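# Coordinates in review
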Number of protein chains: 2
Amino acid sequence: MKSTPDNLKIDGIDKEILRFLMKDARKSILEIARNIGISGAAIHQRLRKLESSGLIAGSKFVINPKALGYTTMAYIGIYLDKAMSNPSAVKELEKIPEVLECHYTTGNWSILIKVLCRDNEHLMQVLNKNIQQIEGVSRTETFISLDQQIDRQITI
Amino acid sequence: MKSTPDNLKIDGIDKEILRFLMKDARKSILEIARNIGISGAAIHQRLRKLESSGLIAGSKFVINPKALGYTTMAYIGIYLDKAMSNPSAVKELEKIPEVLECHYTTGNWSILIKVLCRDNEHLMQVLNKNIQQIEGVSRTETFISLDQQIDRQITI
DNA sequence: CCTGAAAAGCCCTCACG
DNA sequence: CGTGAGGGCTTTTCAGG
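Residues numbered from 1 in each chain as written. Chains lettered and ligands numbered in written order. Predicted model: local features only at pLDDT ≥ 70, side-chain atom pairs only at ≥ 80, totals over all residues. Heavy atoms only, no water.

An unreviewed UniProt entry annotates chain A as Lrp/AsnC ligand binding domain-containing protein of Cerina litoralis.

Dropping the structure here:
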């Protein structure tokens, strides 16, 4: 089972290890060890501890959407009819591959989603043919990201 | 309708390799090779090709913010005075570690940001003591994410 | 574009300070 | 916590089909 957040003690060396791997998940343990100045075995032990603590959610290759021709990112606020339950809307949104994030939010909308499309025309199709077709979706508000200027993880 | 730019040719095997690594960046080349059914050397060559094509933006360890006590995520729409330039606002936002994303958007706001805070009180402090203090920020609208139900990358 | 082989390097465990 | 040593696996390169 998971350990509780309270018995999680990460020191400066743990933080250094994490900072290296958050930038490059494929960096070798020995290279990190040489950078920090302790043995590979020590890094290995600390990593196992960090993994079993639940702090590490996994690792990912990040692919560059622009290289695949996906250049239009947008946020869409969705109003749902009162009769429409959030879970069944999410189930439909999951089927749309262009939907990368979905948040159940406070405020005007029921749902806020992030979509990634090839271009504005593609975005329009996703809006008209996919999102607006979902039962219970009454209205949407779209905000196109002209430029993403910050993209990072939590600072450790 | 083309889905990829012309100079980039990725076939089914490339896609399989990427799908494995997008899920787990530390999966070994040989393990991928065994799954796909070709030699490790072939996977290695294809990975080098994919890296030099610009398709791969990097790799990341994903850490679990909840394990660090960060449980409140929110989106904040920011209105800027006309006199305030976007780049100088972004420069200030970069200094706030709780700001994870920053988008220059069409629509009502000048800027849409994503923040991650420990709790609602921390969010309030970030709003009052950091964001509202930035020169040129006239008004903000905050949407707390009660639950993030989808979080994924582009489908390959 | 693939392969298998071979050298170099890394992962992981262990016994111990 | 830390270490260094060692067996086994991986990475990386290369000549060849």
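Right, let's talk about the packing of aromatic side chains for a bit. Under the criterion given, the structure shown has six aromatic pairs over all chains. Aromatic side chains tryptophan 109 of chain A and phenylalanine 143 of chain B sit 4.6 Å apart centroid to centroid with 15° between the ring planes, which places their arrangement in the stacked category. Separated into two different chains, tryptophan 109 of chain A in the loop between β3 (99-105) and β4 (111-117) and phenylalanine 143 of chain B in strand β5 (residues 137-151) make up a pair that spans both. Here phenylalanine 143 of chain B falls in the buried class, since its relative accessible area comes to 3%. An aromatic cluster is defined as three or more aromatic residues linked by ring pairs; in this entry it consists of Trp109 and Phe143 of chain A together with Trp109 and Phe143 of chain B. Lying across the ring of tyrosine 79 of chain A, arginine 139 of chain A places its NZ or CZ 4.4 Å from the centre. (Phe/Tyr/Trp six-rings, centres within 6.5 Å; stacked < 30°, edge-to-face > 60°. Helix = DSSP H or I, 4+ residues; strand = E, 2+ residues; numbered from the N terminus. Buried < 20%, exposed > 50% of the residue type's maximum accessible area, 1.4 Å probe, protein only. Lys NZ or Arg CZ within 6 Å of the ring centre and 35° of its normal.)

A few words on the sheet that holds strand β2 (residues 72-80) of chain A. The eight strands lie next to each other as β2(A)-β4(A)-β3(A)-β5(B)-β2(B)-β4(B)-β3(B)-β5(A), forming a closed barrel whose pairing is antiparallel. Each strand axis lies, on average, 35° off the axis of its neighbour in the sheet, ignoring direction. Across seven bridges, the pairing between β2 of chain A and β4 of chain A is antiparallel. If you follow tyrosine 75 of chain A over to β4 of chain A, its bridge partner there is lysine 114 of chain A. (Pairing = 2+ DSSP bridges. Axes fitted to C-alpha atoms, helices over the stretch in contact; angles between N-to-C directions.)

The next thing to look at is the environment of threonine 105 of chain B. Along the chain, threonine 105 of chain B falls in strand β3 (residues 99-105). Placed 28 residues apart in sequence, threonine 105 of chain B and glycine 77 of chain B show a C-alpha to C-alpha distance of 9.4 Å. Those residues in contact with threonine 105 of chain B that sit more than four places away from it in its chain are Phe143, Ile144, Ser145 and Leu146 of chain A together with Ser110, Ile111 and Leu112 of chain B. (Contact = heavy atoms within 4.5 Å.)

Reported here for the largest pocket is a volume of approximately 1500 Å³. Residue composition of the lining of the largest pocket, grouped by class: 20 nonpolar, eleven polar and 14 charged. (1 Å grid on protein atoms, 1.4 Å probe; cavity = no way out; pocket = protein on both sides within 12 Å on 5 of 7 lines; lining within 4 Å. Points joined across faces, edges and corners; volume = space filled by probe spheres on them. Nonpolar A, V, L, I, M, F, W, Y, C, P; charged D, E, K, R; others polar.)

Moving on: the side chain of threonine 105 of chain A. By relative accessible area, threonine 105 of chain A is classed as buried at 5%. Apart from residues no more than four positions distant in its own chain, threonine 105 of chain A is found in contact with Ser110, Ile111 and Leu112 of chain A together with Phe143, Ile144, Ser145 and Leu146 of chain B.

Looking now at the relation of the copies chain A and chain B. Placing chain A over chain B gives an RMSD of 0.1 Å and needs a rotation angle of 180°, together with 0.0 Å of translation along the axis. Here the transformation between the copies is reduced to the relation of a two-fold axis. A share of 96% of the interface residues of chain A reappears at the interface of chain B, consistent with the copies meeting face to face through the same patch. (Least-squares fit on C-alpha atoms with pLDDT ≥ 70 in both.)

Here we take up the packing of helix α1 (residues 12-23) of chain A against helix α3 (residues 40-52) of chain A. Residues and elements named next belong to chain A. Between α1 and α3, the shortest axis-to-axis distance is 10 Å and the interhelical angle comes to 85°. When the axis of α1 is compared with that of α3, the two are roughly perpendicular. Where α1 approaches α3, its residues Ile13, Asp14, Ile17, Leu18 and Leu21 are matched on the opposing element by Ile43, Arg46, Leu47, Lys49 and Leu50. The class makeup of the residues in the contact of α1 with α3 is seven nonpolar, no polar and three charged. (Parallel < 35°, antiparallel > 145°, perpendicular 65-115°, else oblique.)

This paragraph deals with empty space enclosed by the protein. One simple way to see leftover space: roll a probe sized like a water molecule over the atoms. Residue and element names in this part refer to chain B. Taken as a whole and judged by the stated rule, the model has one cavity of 30 Å³ or more. Taken as a whole, the largest cavity encloses approximately 30 Å³ of empty space. In terms of lining residues, the largest cavity is bounded by Ile78, Leu80, Ala89, Leu93, Ile111, Ile131, Ile134 and Val137. Among the elements of the structure, β2 (72-80) and α4 (86-94) are those that each provide at least two residues to the lining of the largest cavity. Each residue belonging to the lining of the largest cavity can be placed in one class, and the counts come to eight nonpolar, no polar and no charged.

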